[in-house]
Amino acid sequence: MSEPRLTRLPQWQALQRHADAIGHKHLRELFAADPQRGERYVLEDVGLYFDYAKQRVDADALRLLRELALACGLPQRVEAMFRGERINTTEQRAVLHVALRAPAGEAILVDGHDVVTDVHAVLERMGAFAERVRSGAWLGHGGQRIRHVVSIGIGGSDLGPVMAYEALRAYSRREMTFHFVSNVDGTDIAEAVHGLDAAETLFIVCSKTFTTLETLANARAARAWCVAALGDEAAVAKHFVAVSTNAAEVAKFGIDTANMFGFWDWVGGRYSMDSAIGLSTMLAIGAEHFRAMLAGFHAMDEHFRHAPLERNLPVLMGLLGIWNNNFLGAASVAVLPYEQYLKRFPAYLQQLTMESNGKRVTRDGAAVDYATGPIYWGEPGTNGQHSFYQLLHQGTRLVPCDFIGFGQSLNPLGDQHDLLLANLIAQGEALAFGKTAEEVRAAGTDAALAPHRTFPGNRPSSTLLAKKLTPHTLGTLIALYEHSVFVQGVIWDIDSFDQWGVELGKQLAKTTIAELTAKNMPTLAHDSSTNALIHRYRQLRDRQTTEGP
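As the structure is a computational prediction, the values presented were derived from the model and not from experiment. (Residues numbered from 1 in each chain as written. Predicted model: local features only at pLDDT ≥ 70, side-chain atom pairs only at ≥ 80, totals over all residues. Heavy atoms only, no water.)

Caption draft 1: Layout of the sheet that holds strand 2 (residues 48-51). Taken together, the 6 strands give an open sheet; going across it, the order is 1-2-13-12-10-11, and neighbouring strands pair in mixed fashion. The open sheet is flanked by strand 1 (42-45) and strand 11 (375-377), the only strands paired with a single partner. Sheet twist, expressed as the average angle between the axes of neighbouring strands with direction ignored, equals 15°. As judged from the 4 bridges shared by strand 1 and strand 2, these two strands associate in the antiparallel manner. (Pairing = 2+ DSSP bridges. Helix = DSSP H or I, 4+ residues; strand = E, 2+ residues; numbered from the N terminus. Axes fitted to C-alpha atoms, helices over the stretch in contact; angles between N-to-C directions.)

What follows is the structure, encoded as structure tokens:
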């Protein structure tokens, strides 16, 4: 096993020296030294306007970051992904979410097989099914049309679909309701079906293996609810479909395998929302809008693959993330969409970024000696301004921000959209430049209060603007973040496409569930804290049985 080489690269060391040299510079100084900075530190392509002028970089930092990318083999790794090579080395899998949105006729080979043909075959089946449901041709067991859809999944099988549904709700079929269940907490499924008519409800069970613990527990609860309401086991075939590859288990559950939609092991869960996992999205917005979203993904894929590094949106975003994380010491990133429809976008990005790059060893297993994936979080503006922006402006932690906004509202109401975007623009300005003690005192503030009303500024941010939130724009936006995550993973020399950290807790839970459900208290062999928690939980649960709620 080799030692990590990243920090020994001359390009890394040059960046470190440069960060030491300009780290003290305030954004006020950078703008003063370059009055046209706001026009020059902008990149526009694929319908997105990316303003990074308020990032704490200069031309030399950007050049050195690109040189680091070349030294780490970024162009070669990008091509390896698009060629279908097994770049997920710990699982020996190709990484081809880009194939999910490739146009018909384009060929991408995995072991000599063109997977694009397979993708479009599934898309055609999805489109035909969605049209049957949306038109009323698909009827439930009792002959009623479907008016409610409940998607059951977890992780990538939930976060993507629920984010896309919320993001594109303006384009959805409003006479249908959509619900999403992921938590194994029984409250999630109970509340999702509360008030629904089983005769008008369709469940989509999303599990590649059809063995995922949480998803199957919720699916069985939904099945029991449906059968109890309709009084016939045969009803399952008309009220459940599956997104899976396990035909045997799907059939055993009672789902007609003709209504099973598959995907492939080269699709990672957090990259799967544009596969059959997006069936609920297609049901909501229709096949035409779904294909427009895929076209947006593909437009960004092509840009990422072919644009030069200095004009490449995902490369630039990824390298700025490296600069902030590794050279400015920023441990988190706030994603702040000034668009209510994107309210679930930060949560979606949490999985995309943190499951991908939350790694502590390189691809060959050496422990890293540098920071990897930062923490992603956020809320829509302007809500966040009245909660956590206080910390962004005057806290002791450096938190780079991504502001996202749109020139046109999908719900224009007077001047409210102008007010919304005024806040977006003002917050970036305030974070960058702050307000000095001299400015505070000059405004007449009492000397004792001046420190409390002083804003240090020099808080980096980027701003993404697009014309309007459309399915195509959503696709470009998601792909932008997907590829920027990949860029950072390449620099850090980690496998961004496995997720072994998810496994240990799941494995231990299998033992624990047996101990919690055993009729008599078993002999426990955990640590003293875990043993005590198992004892206490059983006592609390059993008291409910004997004492009532």
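Caption draft 2: Structural view of the UniProt feature "active site" (unreviewed entry) in the chain. What UniProt calls "active site" (unreviewed entry) maps, in this numbering, to Glu 355, His 386 and Lys 506. For this annotated set, covering 152 residues, the C-alpha atoms extend up to 37.1 Å from each other, a dispersed arrangement in space. Residue classification places His 386 among the exposed positions, given a relative accessible area of 73%. By the secondary structure assignment, Lys 506 is in helix 20 (residues 503-517). (UniProt positions renumbered as here; feature names shortened; annotations may be inferred. Buried < 20%, exposed > 50% of the residue type's maximum accessible area, 1.4 Å probe, protein only.)

Caption draft 3: Here's a closer look at the pattern of salt bridges. Applying the stated rule across the entire model yields 23 salt bridges. The residue Arg 101 makes a salt bridge to Asp 274 at a minimum N-O spacing of 2.8 Å. Placement of the pair is Arg 101 in the loop between helix 5 (74-82) and strand 3 (109-110) and Asp 274 in the loop between strand 9 (260-261) and helix 12 (279-285), with a sequence separation of 173 residues. Taking the relative accessible area as the measure of exposure, Asp 274 reaches 1% and is therefore buried. Among the ionic pairs, Glu 503 bridges to Lys 506, the shortest N-O distance being 3.9 Å. (Salt bridge = Lys/Arg side-chain N within 4 Å of Asp/Glu carboxyl O.)

Caption draft 4: Quick peek at unusual backbone geometry. Note the cis peptide between Gly 381 and Thr 382, where omega equals 10°. Note that Thr 382 resides in the loop between strand 11 and helix 16 (389-394). Look at Asn 458: it is not a glycine, yet its phi comes out positive at around 60°. Within the secondary structure, Asn 458 sits in the loop between helix 18 (437-442) and strand 13 (461-466).

Caption draft 5: Helix 8 (residues 186-193), seen in detail. All of the buried residues along helix 8 are Ile 189, Ala 192 and Val 193. Projected onto a plane normal to the axis of helix 8, the buried residues spread over an arc of 85° and lie on a single side. The elements touched by buried residues of helix 8 are strand 5 (148-152), strand 6 (177-181), strand 7 (201-206) and helix 9 (213-230). Among the residues trailing helix 8, Gly 195 stands out with phi positive, at a value near 85°. (Arc of directions from axis to C-beta. Contact = heavy atoms within 4.5 Å.)

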